[in-house]
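Per-entry structural report
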Amino acid sequence: MLRGSRTLSPADAEKNVIIKGWAQEIRNLGGISFLIIRDRYGLVQVTAPKKKVSPEVMSTLTSLSRESVVKVTGVAKAANQVKGGVEVIPESIEVLSPAASPLPMGVVDKVNVEADTRYDHRFMDLRKPEARAVFEIKSVAHNLIDQFLVDEGFVEVFTPKIVASGAEGGSTLFQLKYFDRPAYLAQSPQLYKQMLMSTGLDRVFEIGPAFRAEPSDTVRHVSEFISFDGEMAFIDSMKDVLDIIERCTQAVIKGLESRVGPQLETLNTTISVPKAPYPVIEYKDAVDMVQGAGMKLELGDDLGTEGEKSLGEIMKEKGHDMYWIVEYPEEAKPFYIMEKDGTPYSYSFDLDYMGQEISSGGQREHRYDRLVERMRKKGLDPESFRFYLDAFQYGMPPHGGWGLGVERMLQKMLNLSNIRETILFPRDRIRLVP
Ligand code: AMO
């Protein structure tokens, strides 16, 4: 017995089959009825000539509503006129779950549905193969990241998401009530992955949710995203970190190229592996380049969305989709980043992909006194980070790491206009359901 559309081909003619899925289209033409069933892998046509099938089958088909879940048992027949070259003549049709009508939104209708309508009825939207393909790709991407890092000796860890202090600035913290105390949703695993560097788990990574109360309503910011973080001890310099990310992104994109062909076809897109090694651009040179392209930007300014875009165009012309921007002004970077002594810069980096930042990180300040000094410089009270600072007082190796926005990378890789397309149930300033 064959099951599902994936296995069905003209070579299966005369075999008994069971197809379970959604009734995508029903056409009753009197003497003959057609039912197109959709499952995860594709479509199957069920053809019911009145003379060849039971009255029960005909009556089920005439009363069936679109998007109902059905189970069809029948026989496969070769059929040249049908896409795929095979159809199923039904012996029985069981309605496992009828769909109410009208539908909240169409699945196959060619009309352009507003993004909000799609996200309001996401379960329905995800019935579209092209909406769903993104998540099959995302799943394989996670798998490839895991595989690469485990092979490199990294230990996968899970750090708390309910925390007592933020690491990425107070303005984007979500506060919550934790019994009788205030607490926050973790903006990143930063403090915990660094503390782990003092334990002997000298290479760790985590792929998990990160929360930011981002007030900006943009196509690349959401309030809950998946952060792929890594931290490694005993580094000689920041280069050790760049090397791992470069090889990891290469492995992931190459792996995807060979493993998600059908999904890319569904999305009508291709992916290309960025040219390596990725060029390393010092922040001050990046400012120069962007100024040269006509943007008004001063040394010390954040490149911003427009600056990043402009740099992306310049790098694209040079044949590069991925490139590093390194040594940002220390003032612009968080307290945990190491300063480059004798300069206003720091051992920090961003990885940009086609004009959009997808990752940032750097070498960390592992010297207790300098770290405390840096916290004070940033207007932070070291005492509220005592649990973190303690780990630096009893033997903390030099270390560095990164955070990479998985959805930002997918968005660019798949050429999607909005990061929300890569999130099943996006969260932003306005959206809290579904
Ligand atoms: P940063 O704040 O730059 O660094 O975040 C790391 C990466 O996370 C992604 N990202 C987001 N994606 C979607 N929506 C958002 N609102 C959002 N905010 C950030 C981006 C970004 O590059 N602790 C440091 C990393 C480190 O130094 O290890 C950090 O969180 O792709």
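Since this is a predicted model, take the numbers as computed values, not measurements.

1. Brief notes about the packing of helix H4 (residues 129–151) against helix H6 (residues 239–259)
Look at H4 against H6: their axes get within 9 Å of each other, and the N-to-C directions meet at 135°. On the basis of their axis angle, the class for H4 and H6 is oblique. Where H4 crosses over H6, the handedness of that crossing is right-handed. Along the contact surface, H4 presents Ile-137, Val-140, Ala-141, Asn-143, Leu-144, Ile-145, Gln-147, Phe-148 and Leu-149, while H6 presents Ile-244, Arg-247, Cys-248, Ala-251, Val-252, Gly-255, Leu-256 and Arg-259. For the contact of H4 with H6, the per-class residue count stands at 12 nonpolar, three polar and two charged.

2. Quick word on the pairing of strand S11 (residues 203–211)
Most of S11 is tucked away, with seven of its nine residues classed as buried. With two bridges connecting them, strand S7 (residues 155–156) and S11 associate as parallel partners. If you follow Val-155 over to S11, its bridge partner there is Val-204. Pairing between S11 and strand S12 (residues 224–233): nine bridges, direction antiparallel. Residue pairing across strands places Phe-205 opposite Gly-230, the latter belonging to S12.

3. Notes on the site of the ligand
Neighbouring residues of the ligand: 23 residues in total, closest Glu-168, Gln-190, Glu-357, Ser-360 and Arg-364. In this structure, Gly-403 approaches the ligand through a main-chain N or O atom, which is 3.3 Å from an oxygen atom. With the chains in place, 93% of the 630 Å² that the ligand exposes on its own is no longer accessible. Elements with a minimum of two residues in the shell around the ligand: helix H5 (190–196), strand S16 (356–363) and strand S17 (399–405). If you tally residues by element for the shell around the ligand, the top one is S16, at five residues. Taken together, the residues of the shell around the ligand sort by class into six nonpolar, nine polar and eight charged.

4. A closer look at the environment of Glu-308
You can see Glu-308 is positioned in helix H9 (residues 304–317). Through-space distance from the C-alpha of Glu-308 to that of Gly-355 is 5.0 Å; in sequence the pair is 47 residues apart. With residues up to four places along the chain from it excluded, the contact list for Glu-308 reads Arg-220, Leu-303, Tyr-323, Asp-352, Gly-355, Gln-356 and Glu-357. Polar contacts involving the side chain of Glu-308 include one to the side chain of Arg-220, which spans 2.9 Å.

5. Comments concerning the sheet that holds strand S15 (residues 348–353)
Two orientations exist for strands paired in a sheet by backbone hydrogen bonds: parallel and antiparallel. Spatially, S7-S11-S12-S17-S16-S15-S14-S13 is the arrangement adopted by the eight strands of the open sheet, whose pairing is mixed. Pairing within the sheet leaves two strands with one partner each, and these edge strands are S7 and strand S13 (280–282). Bridging between S16 and S17 involves five bridges; their strand directions are antiparallel. Each residue of the ladder has a partner; that of Ser-360, found in S17, is Gly-403. Sheet strands touched by helix H8 (residues 283–292): S13 and strand S14 (322–326). Its angle to S13, the strand with the most contacts, is close to 85°.

6. With respect to the sheet that holds strand S9 (residues 175–178)
Spatially, three strands are ordered S8-S10-S9 in an open sheet, and the strand pairing comes out antiparallel. Either end of the sheet is taken by a strand with one partner, and the two such strands are strand S8 (162–163) and S9.

7. What about the packing of aromatic side chains?
Taken as a whole and judged by the stated rule, the model has 12 aromatic pairs. Both rings, one in Tyr-178 and one in Phe-179, keep their centres 4.9 Å apart while their planes meet at 70°; by these two values the pair is edge-to-face. Assessed through its relative accessible area of 32%, Tyr-178 is described here as partly exposed. Overall, the relative accessible area of 64% leaves Phe-179 in the exposed class.

Cut-off values and rules
- Residues numbered from 1 in each chain as written.
- Predicted model: local features only at pLDDT ≥ 70, side-chain atom pairs only at ≥ 80, totals over all residues.
- Heavy atoms only, no water.
- Axes fitted to C-alpha atoms, helices over the stretch in contact; angles between N-to-C directions.
- Helix = DSSP H or I, 4+ residues; strand = E, 2+ residues; numbered from the N terminus.
- Parallel < 35°, antiparallel > 145°, perpendicular 65-115°, else oblique.
- Left-handed = near helix turned anticlockwise from the far one by under 90°.
- Contact = heavy atoms within 4.5 Å.
- Nonpolar A, V, L, I, M, F, W, Y, C, P; charged D, E, K, R; others polar.
- Buried < 20%, exposed > 50% of the residue type's maximum accessible area, 1.4 Å probe, protein only.
- Pairing = 2+ DSSP bridges.
- Near = heavy atom within 4 Å.
- Polar contact = N/O pair within 3.5 Å; in protein donor to acceptor, adjacent residues only side chain to side chain.
- Areas by Shrake-Rupley, 256 points an atom, 1.4 Å probe, with all protein chains shown as cover.
- Phe/Tyr/Trp six-rings, centres within 6.5 Å; stacked < 30°, edge-to-face > 60°.

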